[in-house]
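What follows is each chain in one-letter form.
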Amino acid sequence: MKFSSLKQCLDVLKQQGELVQLHQPVDPKLEMAEITRRVFNAKGPAILFTNIKNTKFSAVSNLFGTFERTLKIFEPQLASVKVLVDIKSDFGSVLKSPGKILKALPALIHSLPLKTSNPKVLEKTCHIQDLPMIKCWPKDGGAFILLPQVFSQDPEKTSLFSSNLGMYRIQISGNDYKPGKEIGLHYQLHRGIGNHHKKALEKNQALRVSIFIGGPPAHALAAVMPLPEGLPEIAFAGALAGKNFKYAKKHGYLISADADFCITGLIVPGRTKKEGPFGDHLGYYSLEHEYPYLKVESVYHRKDAIFPFTVVGRPPQEDSSFGKLIHEITRSAIPDSIPGVTAVNAVDHAGVHPLLLVKAHERYVPYEKENRMPRELLTHASRILGTGQLSLAKYLMICAHEDNPELNVNDEKAFFIHMLERIDFSTDLHFFTKTTMDTLDYSTQNITSGSKLMIAAAGEKRRHLKNEFPQHFSLPEEFKHPKIVLPGIIVVEGPHFKTYANGKIQINRLKKHLQTQTGLDSLPLFVVVDDTDFSTKSFSNFLWVTFLRSNPSHDIYGINEKTLFKHWECKPPLIIDARIKPFHSDPLMSDKKIVEKVDALGKRGGPLFNII
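Summary of the structure given here.

Rules and cut-offs
Residues numbered from 1 in each chain as written. Predicted model: local features only at pLDDT ≥ 70, side-chain atom pairs only at ≥ 80, totals over all residues. Heavy atoms only, no water. Pairing = 2+ DSSP bridges. Helix = DSSP H or I, 4+ residues; strand = E, 2+ residues; numbered from the N terminus. Salt bridge = Lys/Arg side-chain N within 4 Å of Asp/Glu carboxyl O. Buried < 20%, exposed > 50% of the residue type's maximum accessible area, 1.4 Å probe, protein only.

Within the open sheet, the three strands sit side by side as S4-S12-S13. Their pairing is mixed. Sheet topology places strand S4 (114–115) and strand S13 (253–256) at the edges, where each strand pairs with a single neighbour. Across two bridges, the pairing between S4 and strand S12 (residues 246–250) is parallel. Among the inter-strand pairings, lysine 115 is bridged to a residue of S12, identified as tyrosine 247.

Further remarks concern the pattern of salt bridges. If you walk through the whole model with that rule in mind, you get 26 salt bridges. Lysine 273 is the partner of glutamate 182 in a salt bridge, and the nearest nitrogen-oxygen pair spans 2.7 Å. Of the two residues, glutamate 182 is situated in strand S10 (residues 182–185) and lysine 273 in strand S15 (residues 273–275); the sequence distance between them amounts to 91 residues. Looking at lysine 273, the relative accessible area reads 18%, which means it is buried. Two residues, lysine 461 and glutamate 421, come together in a salt bridge whose shortest N-O distance is 3.8 Å. Remark: glutamate 421 occurs in helix H13 (residues 412–422) and lysine 461 occurs in the loop between strand S25 (449–457) and strand S26 (480–486); sequence separation between them is 40 residues. The exposure class of lysine 461 is exposed, given its relative accessible area of 54%. What makes glutamate 421 buried here is its relative accessible area of 12%. Put simply, Glu18, Arg69 and Lys72 are held in one network by salt bridges that share partners.

Where strand S29 (residues 556–564) meets strand S30 (residues 567–577), seven bridges bridge the pair, whose relative direction is antiparallel. Pairing of lysine 562 across the sheet is with glutamate 569, part of S30. Hairpin connection, S29 to S30: the antiparallel pair is bridged by two residues, and phenylalanine 565 has positive phi, about 50 degrees.

In the segment running from glycine 276 into proline 277, the intervening peptide bond is cis, with an omega of -5 degrees. Looking at the element boundaries, proline 277 is found in the loop between S15 and strand S16 (278–279). The phi dihedral of threonine 448 falls on the positive side, at around 65 degrees, and the residue is not glycine. Taking relative accessible area as the criterion, threonine 448 reaches 27% and is therefore assigned partly exposed. Phi at asparagine 610 takes a positive value of approximately 70 degrees, unusual for a residue other than glycine. Relative to the helices and strands, asparagine 610 resides in the segment after helix H18 (592–601).

Below you can see the structure in the form of structure tokens.
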């Protein structure tokens, strides 16, 4: 549907029974977030909080809590937008299919930003501390804005087509920020604002930043879209909304005319302050680190402003709907931008960046009948690791499209089985050490620094995977409770991890013992964990534990492992040490008293009865 404001969207959802209004007093400290998590887990409606402590504003969450509701909000513009992204990724496709221009025409028309005057967002002003001070997790460093649209422009250019609109969390209380006057800005690697900030620093200039909150839901999605180079987010926002992005100028700042709130301020050049901790979307706290901050100049809002927010944590959460929709929009654009790649899945249950599954063509030696091995796949993998946010992948598994054209990369179980049946552990594992990592990945001791493992497999099946232990299977004394989570994969509970020196000794004892076992070629992957029951309760748990708690260069071992001409190889089974390390950040846990308080809301007579 075409929405020109957040309120218009909520009115429609209310009519369709997709919105619940909560009129009783709620606390923005932990309670609103816990309510949101519970309603999301129940696949419930969007929630409009109308009576929030210490603020006059209403707030809405779980707007994108189900994929079906998310599609409803953005249709029917999606078809036209998909074609627009395709064209921008590969303009040559227009020559092959001229009809694409006609299909993309509605999106093209609405992609041009329009300047306006007297926007409603400038009707009123307030202070930062007047906003809903939403704190989501007990150890968070303060309150955060969690659906912000952060706008910046290239200091060397005036064109709006050189702008960036990104979603970077904003800390609005706590730490050493001057209350109401300073707010934290947390942007990560591969974020467009970083280029603008770099240029401003080189000129020793403050960078003007506008933070939009609310407005048409399409504007929030535009802020998280990995768009092709040269397609600015504000243009995409208009295309997806089915209405041109309208803006005004105030004191040199760009203002989103349809936003509910707009904060303007300057990034102080050359200065940082501690930001965080923050319960992040990997399911752990991101810790305190130095980040830029804004000196707040103004806070504007509409008369009827509604404050949208989301809650992140271990996936899936509400932001998973965004990820799924982004995949839908860009599905055909990826093969255009990375020729030869036919499908990609950044696995949500593993935290997105830690695990990337890819299917691509292997055509370099098409006449090869026996002993086929990855060749072109390595080229595709290198391209992927040099492409935007895909480059943040920690584990990249890539297989040949030709081996099973019907293989669905979104079926993680089937993909793992396909790979494990074909991997040659002497040739197919390629490590990248001392390289850049996702900022939020704490599997290493140094922020944004770690390692990657690329696994490429092609050819006929090398082994038959089994779903049972070999006869006379055993483990050394300190390893116990083995379970098979999937054919070919054994999860084992190991002793407590203290140091890498001690951990290596422990794993070496396991390796030495496994060398005496027979029949393990059919069980080529061992994962060592702290809690076998939890790690095998679901495949989702297995993915989350294995790929978030391991750093490839430090935590991967193999039987008879060796380095031959700088290439690491082993014999199966491969061992991943996914135990918790002392430097790992804490997993997210709700406050028990808050949980009990929210439980009461779901009981008979409570406002959330039959919802949670």
